[in-house]
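One-letter residues, chain by chain:
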Amino acid sequence: MKRRDQVKTKSTGMMIQSSPHKSGLPVTNKLGKEDVMKNNWKALLICTAVVALVLLMGTSTFAATQTLTINATVAARAELTLAPTTINFADASPATSPNITANTPVTVTANVRTAKASTATLMALAGTDLTSGTDTIPITAVTWTASALPFIAGTMSHTSAQSGATFSAGSGSYSGTYTFTLANSWSYNTGSYVATVTYTLTAP
Amino acid sequence: MRPVWQNKPEPKAMAMFTQPLIAGILIVMGLLITNSLSHTQTLSLSLNPSSINFPDQNPTNFPSISASAIVQVQVTASWGNGTWSVTSLAGGDLLNSDGRSVIPISNVRWTASRAAGNCSGGCSCMGGTASRSSPQHILEGSGYTGFLGFGSYSCNVNFTLVNDWAYNTGSYSQTLTVTAANP
């Protein structure tokens, strides 16, 4: 039996074979269409089932969760600011002015970061007595008051550091003012006296 | 009589072939519409990276600390026209490793901007403040992402930490649960 042509359908891959009538062979066209139709319906059912399954899968999960870990590092540090950094005691009669107030209060800002159980310190240490050439005024003649806690009043010293604040444990930011006073005396020789005080803020 | 291969298809035969096709299209469209109306979208979510760090900085000079990396929040929403959102909820305040100090989680904030992708109903990246009590929105969207749900939408999220001298020293950590969900 010799057949003249072959048509391969794309959709099903089924081979349809046909012959010319004049050959006297059976016509297979009618049978081929029925097969294609059946296969098309099968393909349709399968596709529908797959689409439905995919869509229904969407109903089972419609939320998603992820976690983001946030880390932060905080290290110990201290920052101290005094303003102004120079003060002056004007000349005055000891009789009328036994105490001379400095020309300006000093604003102090202390920022500390330390452990929760640790306590920062602020210490003041004069380098020398007030000095003018060979003349001196004891630095202990200089005292100060503080506006409010944690800053505290004190007396200057060049031998031992004096506490300028009593901080509570842990970190914090503090601001206040110191007001300095010089005890006046007839015994002071004339001159321009100078001393430098070093303030140290420590955050352990 | 003409050869069979030269015959034109008969209308009846054409109908036999096209009926299943038309029926199939109608069924699929029906399923898609049903699915769309029921808002049953699948949402997938990814974060990259999944961990960020805030380095130590002087609060005076750096009142706000930027995180070590920009977090990309990526969402894929399947076919549908429902609204959905991405929210974050902190597990608590940032907790020191010694367990004794905290940094309020509300000091963690973010800004967000579109990185890539599109949404059929529109998407919006949102800035916010971390909270441990109520979910905060990072992204709001509507519809599907990409082409018919095959694609994604992403936001670049810049996290910052409000810096403060009051923070005690130590290493702090907390997790942020990020959820993509239908409202």
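Structure: above.
Residues numbered from 1 in each chain as written. Chains lettered and ligands numbered in written order. Predicted model: local features only at pLDDT ≥ 70, side-chain atom pairs only at ≥ 80, totals over all residues. Heavy atoms only, no water.

1. So, the sheet that holds strand β14 (residues 197–202) of chain A
Backbone hydrogen bonds hold the strands of a sheet together, and the pairing may be parallel or antiparallel. Residue and element names in this part refer to chain A. This is how the line gets drawn: At least two bridges found by DSSP between two strands is the condition for calling them paired. The numbering of helices and of strands both runs from the N terminus, where a helix is a DSSP run of H or I of at least 4 residues and a strand a run of E of at least 2. Here, axes are lines fitted to C-alpha atoms. For helices the fit covers the stretch in contact, and angles between N-to-C directions go from 0 to 180 degrees.
The strand order β12-β7-β14 describes an open sheet built from 3 strands, whose pairing is antiparallel. Of all the strands in the sheet, the pair left with one neighbour each is β12 (162–166) and β14. Ignoring which end each strand starts from, the neighbouring axes of this sheet average 20 degrees apart. Pairing between strand β7 (residues 121–126) and β12: 4 bridges, direction antiparallel. Pairing of T121 across the sheet is with T166, part of β12.

2. Quick look at the nonpolar core
Put simply, the rule is: In these notes, a set of buried Ala, Val, Leu, Ile, Met, Phe, Trp, Tyr and Cys residues joined through side-chain atoms within 4.5 Å is what counts as a nonpolar core. Whether a residue is buried, partly exposed or exposed follows from its accessible area with a 1.4 Å probe, protein chains only, as a fraction of its type maximum: under 20%, in between, or over 50%, in that order. Should any heavy atoms of two residues lie within 4.5 Å, those residues are counted as being in contact.
Formed by 39 residues in total, the largest nonpolar core has its most connected members in B:F54, B:V86, B:F159 and B:L161. When near neighbours in sequence (up to four residues on either side) are disregarded, B:F54 contacts A:I70, A:N71, A:A72, A:T73, B:I65, B:S66, B:A67, B:F159, B:T160 and B:L161. Judged by nonpolar contacts, the second largest core, of 27 residues, contains A:V106, A:Y174, A:Y178 and A:A203.

3. Focus on the pairing of strand β12 (residues 153–162) of chain B
Residues in a regular strand point their side chains to alternate faces of the sheet. All names here are of chain B. Two strands pair when backbone bridges link them, and strand β3 (residues 64–66) and β12 are joined in this way by 3 bridges, in the antiparallel orientation. Residue pairing for β12: I65 is matched across the bridge by L161. Strand direction decides the pairing type here: strand β4 (residues 71–77) and β12, joined by 5 bridges, are antiparallel. In the strand pairing of β12, Q74 is matched with S154. Sheet topology places strand β8 (residues 108–117) next to β12; 9 bridges connect them, and they run antiparallel.

4. Some thoughts on the state of the cysteines
Residues and elements named next belong to chain B. Put simply, the rule is: The definition used for a disulfide is geometric: two cysteine sulfur atoms within 2.5 Å.
Scanning the model with the defined rule gives 2 disulfides over all chains in all. Through a disulfide, C119 is tied to C123; the S-S separation comes to 1.7 Å. Here the disulfide of C119 and C123 is left-handed, its torsion about the S-S bond being about -85 degrees. There is a disulfide in this structure between C125 and C155, and the S-S distance comes to 2.0 Å. Because the torsion about its S-S bond is -85 degrees, the bridge between C125 and C155 counts as left-handed. Of the two residues, C125 is situated in strand β9 (residues 123–125) and C155 in strand β12; the sequence distance between them amounts to 30 residues. Shown here for chain B is a disulfide pattern of 1-2, 3-4, where each number marks a bonded cysteine counted in sequence order.

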